[in-house]
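# Working through the structure, step by step
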Amino acid sequence: MGLALGARARLGLDLGDGTHAVELALRLARGDLPFRDEMNLQVLGAWPAVPFVWVWSHLVGLDGIVLASRIYFVALSIGVAALTWWAVRGFTGRVVAGFSAVTAVVPTAYNLQLVGYNTTPALLYLVGASSAAGAIARGSLGWAVLGGSAAALGAVSHPVTTPAAAAVLLVGLACARGRVRIGLVAGAAGAAAVVVGLAVAVWGIDHVRETLAFTSDYQGGGVDRLGRLRAWLAYLGGELAQPAVAFALVLAVVAAVALARRSRFAAPLLLAAVVLTAVQGLTRDAVTATYSIGSWLSPVLALVLCLVLLPAAVVTALRLRGMPARLLVIGLAPALVGAPTVAAFTASSPRWGAVGACLAPAVLAVTACALLGLVRLQSLNRHPDSPEPAPTPRRPFAAAMAGAVGVLVLGSLVAAHTATSFRDAPLARLDVAAPAGAYAGLLTSQRRADEVASAQAALRTCARPGSSVLAIGYPAAYLLGDVHVASPVTWLGDFGPSTSHVVRWLDTRGVTPDCVVHPTRWWGPEPAGGAAADPLRARVEAGYHPVGSTSELVVLRRNAG
C-alpha cells in the first residue's frame, strides 16, 4: 500500500491548495513565525512537515520539494496507521485492525498527499480516537495522554474542526473511567498549555489578535454558513439518491438484519452493497472548463462507504458490546459534528471533500466494527454473549468474505484517490514531466507543464535567488523560484479594503517587496470607489511597473528610487 500511495504521489500538479501547503511548511522552516509573519489561522496545520522541509531545503534546496513533501506525507500516514493498529489490535484482532487503520489514512481532502490544515487534523483525530479507545481497553494512562493531546493539537491545526476535537474528548471521557479520564484531560490540557505558552512568549498575543481581526475583515459578514451547509447536504443527498447507491443502502440494511441473525448471507449482501457503491463512485466523473474529476474524490467515497457499512457496524456494536461499541461511538462522534462544521465554513465545492479533515476516525471505527461483525458473529453457533461461543465450520467462509469486503473498501478508496489529481488534467493525460525546480519529479499535463515553465521564466524577469516577492491571488509564485515571502499571508486574495492589514504589516517591518505577482485576469479595471478601496492595490500601482507576463500572471518590479 505504501508503494501504491508513493507512486500516486508523482501524479498531478496544482498551483493552489497543493502548492500552498508546501509553501506554509517552507515558510515556517525558514524561520517565519505563525501569526507574527504568517497571519493565517490555518498555518499550524503545516507544523508536522516543518522538520522534514527544513532538512530538505538545507540539503537539497527547492528542487523536488513538492514531490518530497508528498512522499513524506505518505510515510507519515503509514506511521499513523501503524500507531492506530497498535492501539486497537487488542480488541479488534490484528488483521481487522490493520485493514481498518490503513483504510482510514487513504482518503484525504481534495485528494491531496501533503501535510497541511486539510490533512493534519484527520491524522491527529485518528490518533486521538484510536488512542482513547486503546487507553480504555488497557486502562493505560500513557495511551490516554496521547489521545487527549492529539485531539487538542488537531483543533489547533485547523480551528474550524474544534468541535471534532471536543467530540473525541467528551465521548472518550464518557466511555472512560479512573486514570484514563485523568490522562485524557491531562493530555489535552498539556497540549493546550504548550500552544498558549507559544502564543504568549513567541508568537505574541497582539499578533494573534491582529490575525483574528484580519481574518474577520477579509471574510466579511456576508458569508452564508447555512447556505454552504445546505449546499453540502444537497450534494451528498443527490449522490445518495442515485439508484445504485440507494439500492446499496437498502442492501446494507438487509445485510445488517442478516448479521444480527448470524446468517451466512450477511457478508455476500454487504459485499454486493460495497460493490455497487464503489462502481458508482468510481464512474461518477465530471469535466468543466477549469477542472476534471475522474470519480468521487476519496473522502466523498469514504463518507458514502461509511454509511453503507454503518448498519453492520451498529449491529456488531450492539451484539458484541464492550470495546467494539466504544470504538464506534468514539470514532463516529468527530465526524458527526466536524463534517457539517467544515462544510459550513469551507468555500470549496462539496465535491472536493473538504470534510475529509474529520472523517478518518469514523472510517476506522465503522470499517473495523463491520469487519469484526462479519468474522465473529457469523462464526458463532451460540449467542455472542454465551460464555463459550464455539466456532463452527463457517469461520473460514466468514473470514474470507470479511477479507473480500475489506479489500474492496480499501481498493476502491485507493482507486478514487488515484483517479483525480486536484485541479489537473485527467489521469491518462498526466504523462509530461514537470519543469525543473520545486515541482521536479511530478507528472502533469502538457498544458500545466508549459504554464509552470512560462511562469518561472516570467518571474525571472524580476526576481533573483533571495529576492522578496509579494504574490496577490497567485500563491504558487513562491515556488517558482528561490524567493522569499514578503507578505503576511501566503495565499493573499482579492481582499479589498481589508488589505489595510497587509499595508500596515509591510510598513511596520519596513518591507518593500522587490517584485509583485498577480493573475492576469484578476487584476482588471479599477473597481468602483477608486484604488483607495484597496490600499494594497493603490500602493502596488503607484510603486511598481510590469516587466514580464504570461497568459496567467503578471510580474511587476519596484520602481527605481
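Let me sum up the structure you'll find in this document. In this text the structure is predicted, and so the values were computed from the model without any measurement. Here, residues in each chain are numbered from 1, in the same order as that chain's written sequence. Reporting in this predicted model follows two pLDDT cut-offs: at least 70 for local features of residues, and 80 or more for side-chain atom pairs to be given and counted; totals over whole chains, interfaces and linings ignore these cut-offs and use all residues. Based on all heavy atoms of the structure, the side-chain values leave hydrogens and waters out of the count.

Quick look at the sheet that holds strand β7 (residues 515-519) now. Here five strands make up an open sheet; going across it, the order is β6-β5-β7-β9-β8 and the pairing mixed. What marks the edges here is a single partner per strand, and that holds for β6 (484-485) and β8 (544-549). Only when DSSP finds a minimum of two bridges between them are two strands counted as paired. The way it works is that DSSP assigns letters per residue, a run of H or I at least four long becomes a helix, a run of E at least two long becomes a strand, and they are numbered from the N terminus. Pairing analysis gives two bridges linking strand β5 (residues 468-471) to β6, with the strands arranged parallel. Each bridged residue has a counterpart across the sheet, and for Ser468 the counterpart in β6 is His484. Along the sheet face, helix α18 (residues 446-460) touches β5, β7, β8 and β9 (553-558) and points at about 15° away from the line of β9. Whether two residues are in contact is decided by their heavy atoms, any of which lying within 4.5 Å being enough. What counts as an axis is a line fitted to C-alpha atoms, over the stretch in contact for a helix, and the angles between N-to-C directions run from 0 to 180 degrees.

Attention now goes to the packing of helix α6 (residues 120-138) against helix α8 (residues 162-175). Contact geometry for α6 and α8: axes closest at 10 Å, N-to-C directions at 5°. Taken together, α6 and α8 sit at an angle that is classed as roughly parallel. Along its contact with α6, which presents Tyr125, Gly128, Ala129 and Ile136, the element α8 presents Thr162, Ala164, Ala165, Val168, Gly172 and Cys175. Ten residues, namely Ala, Val, Leu, Ile, Met, Phe, Trp, Tyr, Cys and Pro, are considered nonpolar, four, namely Asp, Glu, Lys and Arg, are considered charged, and the remaining ones, Gly among them, are considered polar. Of the residues that constitute the contact of α6 with α8, the class distribution is seven nonpolar, three polar and no charged. Here roughly perpendicular refers to angles of 65 to 115 degrees, roughly parallel to angles under 35, roughly antiparallel to angles over 145, and oblique to all remaining angles.

All right, on to the packing of helix α15 (residues 322-345) against helix α16 (residues 360-376) then. One way to put it is that α15 packs onto α16 with a least axis distance of 7 Å and a crossing angle of 150°. Accordingly, the angle class assigned to the pair α15 and α16 is roughly antiparallel. Between α15 and α16 the crossing geometry is left-handed. The segment α15 lies against α16, with Pro324, Leu327, Leu328, Gly331, Leu332, Pro334 and Ala335 engaging Pro361, Ala362, Leu364, Ala365, Val366, Ala368, Cys369 and Leu372. Grouping the constituent residues of the contact of α15 with α16 by class yields 14 nonpolar, one polar and no charged. In this scheme, a crossing is called left-handed if the near helix is turned counterclockwise away from the far one by less than a right angle; it is called right-handed if the turn is clockwise.

What follows is about unusual backbone geometry. The phi angle at Asn111 is positive, at roughly 60°, despite the residue not being glycine. Tracing the sequence through the fold places Asn111 in the loop between α5 (94-105) and α6. Non-glycine residue Arg262 carries a positive phi angle of around 60°. Tracing the backbone shows Arg262 in the loop between α12 (243-260) and α13 (266-282).

A word on the pairing of β7. Of all five residues making up β7, five are buried, and the element is well covered by its neighbours. Burial status follows relative accessibility: with a 1.4 Å probe on protein chains alone, a residue under 20% of its type maximum counts as buried, one over 50% as exposed, and anything between as partly exposed. On β7, burial covers both faces: Cys515, Val517 and Pro519 on one face and Val516 and His518 on the other are all buried. In this sheet, β7 lies alongside β5 in parallel orientation, the contact comprising three bridges. When the bridges of β7 are listed, Val469 appears paired with Cys515. Pairing of β7 with β9 involves five bridges; the strand directions are antiparallel. What sits directly across from Val516, in β9, is Leu556.

A separate point is a nonpolar patch on the surface. Residues enter patches when they are more than 30% accessible in relative terms and free of salt bridges; like-charged ones are connected within 9 Å and nonpolar ones (Val, Leu, Ile, Met, Phe, Trp, Tyr) within 5 Å. Note on areas: Shrake-Rupley with a 1.4 Å probe; residue coverage comes only from the protein chains shown. In what follows, salt bridge is the name for a side-chain nitrogen of Lys or Arg lying within 4 Å of a carboxyl oxygen of Asp or Glu. On the surface, a cluster of nonpolar side chains totalling about 400 Å² of accessible area is made up of Trp54, Val55, Leu59 and Val60. Relative to the elements of secondary structure, Trp54 occurs in helix α3 (residues 50-59). Using a relative accessible area of 43% as the deciding quantity, one classes Trp54 as partly exposed.

Moving on, we come to the environment of Ser77. With respect to the element layout, Ser77 can be found in helix α4 (residues 65-92). With a relative accessible area of 4%, Ser77 lands in the buried category. In the structure, Ser77 is positioned 67 residues away from Arg10 in sequence and 17 Å away in space, judged by C-alpha atoms. Ignoring anything within four residues of it in the chain, the contact list for Ser77 reads Val105 and Leu123.

Geometry of aromatic contacts follows a simple scheme: Phe, Tyr and Trp rings, the Trp one being its six-membered ring, pair when their centres are within 6.5 Å, and the pair is stacked under 30 degrees between planes, edge-to-face over 60, tilted otherwise. Inspection of every chain in the model, using the stated rule, returns seven aromatic pairs. Their ring planes at 85° and their centres at 4.7 Å tell us that Trp352 and Phe422 sit as a pair that is edge-to-face. Taken together, the residues Trp352 in the loop between α15 and α16 and Phe422 in the loop between α17 (395-419) and β3 (432-433) connect sequence positions 70 residues apart. The exposure classification of Trp352 matches that of Phe422, with both residues buried. Taken together through their ring pairs, the aromatic side chains of Phe52, Trp56 and Tyr72 make up a single cluster.

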